[in-house]
Amino acid sequence: MLPGRSDAFLTAAPDHGGELYSPALPEPEPATVARGGPRGIVPRVAMLAPDLLRTQAFVGGRWVDAESGETFAVLNPATGDEIARVPRLGASETRTAVASAAEALPAWRTRPAKERARVLARLASLMADRSDDLATLLVLEQGKPLAEARTEISYALSFCEWFAEEAKRVDGTIIPSPSADRRILVTREPIGVTAGITPWNFPSAMVTRKSAPALAVGCTMVLKPAEQTPLSALAVAALAEEAGLPPGVLSIVTGAAEDAPLIGAELTSDPLVRKLSFTGSTAVGKLLMRQCADQVKKVSLELGGNAPFIVFDDADLDIAVGAALVCKFRNSGQTCVSANRLLVQSGIYDAFVARFAAEVSALRVADGFADDVQVGPLIDEPAVGKVEEHVADALERGAEMVTGGTRIEGQFYRPSVLTGVGPEMRMSREETFGPVAAIARFDTEEEAIAIANATPYGLAAYYMTGDLARAWRVGAALEYGIVGVNTGLISTEVAPFGGVKESGIGREGSSYGVDDWVELKYWAVGGLAPAG
Ligand code: SIN
């Protein structure tokens, strides 16, 4: 068993029995992928409790269709089958959702923090009770292995738990006054009506990572989930309703890909909305930020990454290989903190590449419901297309394919390792967002740091070393919001998640995550008798 792997990855991983090293690549790769057992997609959908499979949007506390009556299909990335159809909302329904969030705000923000906390705690507990259903829904619409989906549901509900606790601690300060007849106070107040736009790679966790802190401090929210994965967001809303969340406090506005610009424009131009929180690409984040600038709306942006994963000569090879595997192949490489550039020092290079490639080629690619699956499909055809383009570009420019390098079938791509990946290649400059590891060799620590920082992005960086002094030195030199030292897993609700440079603004999770949803109010209280 490799150190550094996640529970989810381990749950889904075959037992390697400690036998890691295998210089020869394993058995011929399968030509097709395993499917999720005898039950096909339709029975799995039918097995879901109807109260969680919601096919209407949730606006102002009501389950609604689009005014046009139009719907769009949600597809299973493993099979291409239609799971459900959900409403295509547009500008008008978004305006209604914002108006209901504004209407709900005064009562919600003045409700005692302990009561808001109770609703969030109840939501967390309902999510825990229904985690099997939520995880099944997540696999159906997103494709990740069931074990990873279960882990995501725990991660998702952990934000409700965490911010239920934080809600009670949104306190203020009294600052010693420079004059005897004055008091100076600072309070933290909810920003007001907020908007959230969430991605498809963590369809449940990103909904709670944004909405739980917002609701905890007394904001209300209109949230638009990614068009590929609206069902998990709607299921969270259904449980929030059951938990006692008042109408209008959280609305879920569903829309197809073509509707996203309209919904985004409405959320960023409605003066009632005081803040937008977005997770997604840097290009879209910049656009939304520009749109928010007109009304000086606050923004939190969790954008693209281009994570370096540095393996120094003094690293523990088991730890480095295990951490690289989980960091690169979790969610089929579709995380913004995925290792995008593996930089390996010359002295450990051959050993690392051999062991890592052997492990990668042994990964089991299958439908998320299949036994022992470790890598599921990519989200959609454009995602596979991007991976193929990156691989073709790298090979044309002289990189070498050590293992993988082809599509298996449909949206399943073979876990792959490329070596000799240079800085001019697309893989080094853009997020590949797929199950392909790009490896480059370096000689000195200074060189590794320079390569790692030579990007406009700054979300997460990882490095593997057994040298304590180097660990402190390199961590200080890396221009990133998050550094993982001898680990490939950094996500937890208790720590601040977020990037620097073009990777974003703001932090999600932890006690720092409260700051993104409150404004400071300074009270100057004069005309008082001297304290005494
Ligand atoms: C993301 O990819 O945006 C989130 C990843 C995580 O929280 O682990």
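Before reading on, note that the structure itself is shown above.
What you are looking at is a predicted structure, and each value in this text was computed from that prediction instead of being measured.

Visitor: Can you help me understand the site of the ligand in this one?
Guide: Taken together, the residues surrounding the ligand are Y155, N201, F202, M206, R209, T279, E302, R330, T335, C336, S491 and F497. Within the side chain of N201, one N or O atom sits 3.1 Å away from an oxygen atom of the ligand. For the ligand, whose accessible area on its own is 260 Å², the fraction buried by protein is 100%. Using a 2 Å cut-off from the grid points, one finds that the ligand occupies the largest cavity. Classifying every residue of the shell around the ligand gives 5 nonpolar, 4 polar and 3 charged.

Visitor: Mind showing me how you'd approach unusual backbone geometry here?
Guide: Glycine aside, negative phi is the norm for most residues, and most peptide bonds take the trans geometry. A positive phi angle, close to 55 degrees, is found at N331, a residue other than glycine. By the secondary structure assignment, N331 is in the loop between α11 (317–329) and β13 (339–345). With a phi close to 55 degrees, S332 is a non-glycine residue in the positive phi region. By the secondary structure assignment, S332 is in the loop between α11 and β13.

Visitor: Would you take a moment to explain the pattern of salt bridges for this structure?
Guide: Pairing is possible between side chains of opposite charge, provided their charged atoms come close. This model, assessed by the stated rule, comprises 32 salt bridges. The partner of E445 in a salt bridge is R470, with the nearest N and O atoms 2.7 Å apart. One end of the pair, E445, is in helix α15 (residues 445–453); the other, R470, is in helix α16 (residues 468–477), and 25 residues separate them in sequence. A single burial state applies to E445 and to R470, both of which are buried. Each member of the salt-bridge network shares a partner with another, and the members are E70, R88, E258 and D259.

Visitor: How should I be thinking about α15 in this particular structure?
Guide: Think of an α-helix as turning once every 3.6 residues; residues three or four places apart then point the same way. Among all positions of α15, only E445, A448, I449, A452 and N453 are buried. Across the axial projection of α15, the buried residues extend over an arc of 120 degrees, all falling on one side. In the core, the buried residues of α15 are packed alongside β12 (307–311), β13, β18 (436–442), α16 and β22 (500–501).

Visitor: Which parts of the structure should I look at to understand the packing of aromatic side chains?
Guide: Between two aromatic rings, the relevant description is the distance of the centres plus the angle of the planes. Under the criterion given, the structure shown has 7 aromatic pairs. Site record: aromatic cluster; members linked through ring pairs are F329, F352 and F356. A cation over an aromatic ring shows up here: K275 above the ring of W517, its NZ or CZ 4.8 Å from the ring centre. Seen from the ring of Y349, R441 lies directly overhead, with NZ or CZ sitting 4.0 Å from the centre.

Visitor: Even after reading the chapter, I still don't get the environment of R44, so can you show me in this structure?
Guide: Residue placement: R44 occurs in helix α2 (residues 41–47). In this structure R44 comes out as buried when scored by relative accessible area, which is 14%. For the pair formed by R44 and L137, sequence separation is 93 residues and the distance between their alpha carbons is 8.9 Å.

Visitor: How do you make sense of the sheet that holds strand β6 (residues 183–190) when you look at a structure like this?
Guide: Two orientations exist for strands paired in a sheet by backbone hydrogen bonds: parallel and antiparallel. A sheet is described by the order of its strands in space; here 3 strands give the open sequence β5-β6-β24, paired in antiparallel fashion. Each edge of the open sheet carries a strand with a single partner, namely β5 (173–175) and β24 (518–525). Taken over all neighbouring pairs, the strand axes of this sheet differ in orientation by 25 degrees on average, direction set aside. The sheet contact formed by β5 and β6 spans 3 bridges and is antiparallel. Residue pairing for β6: I174 is matched across the bridge by L185.

What counts and how
- Residues numbered from 1 in each chain as written.
- Predicted model: local features only at pLDDT ≥ 70, side-chain atom pairs only at ≥ 80, totals over all residues.
- Heavy atoms only, no water.
- Near = heavy atom within 4 Å.
- Polar contact = N/O pair within 3.5 Å; in protein donor to acceptor, adjacent residues only side chain to side chain.
- Areas by Shrake-Rupley, 256 points an atom, 1.4 Å probe, with all protein chains shown as cover.
- 1 Å grid on protein atoms, 1.4 Å probe; cavity = no way out; pocket = protein on both sides within 12 Å on 5 of 7 lines; lining within 4 Å.
- Sits in = over half its atoms within 2 Å of the grid points.
- Nonpolar A, V, L, I, M, F, W, Y, C, P; charged D, E, K, R; others polar.
- Helix = DSSP H or I, 4+ residues; strand = E, 2+ residues; numbered from the N terminus.
- Salt bridge = Lys/Arg side-chain N within 4 Å of Asp/Glu carboxyl O.
- Buried < 20%, exposed > 50% of the residue type's maximum accessible area, 1.4 Å probe, protein only.
- Arc of directions from axis to C-beta.
- Contact = heavy atoms within 4.5 Å.
- Phe/Tyr/Trp six-rings, centres within 6.5 Å; stacked < 30°, edge-to-face > 60°.
- Lys NZ or Arg CZ within 6 Å of the ring centre and 35° of its normal.
- Pairing = 2+ DSSP bridges.
- Axes fitted to C-alpha atoms, helices over the stretch in contact; angles between N-to-C directions.

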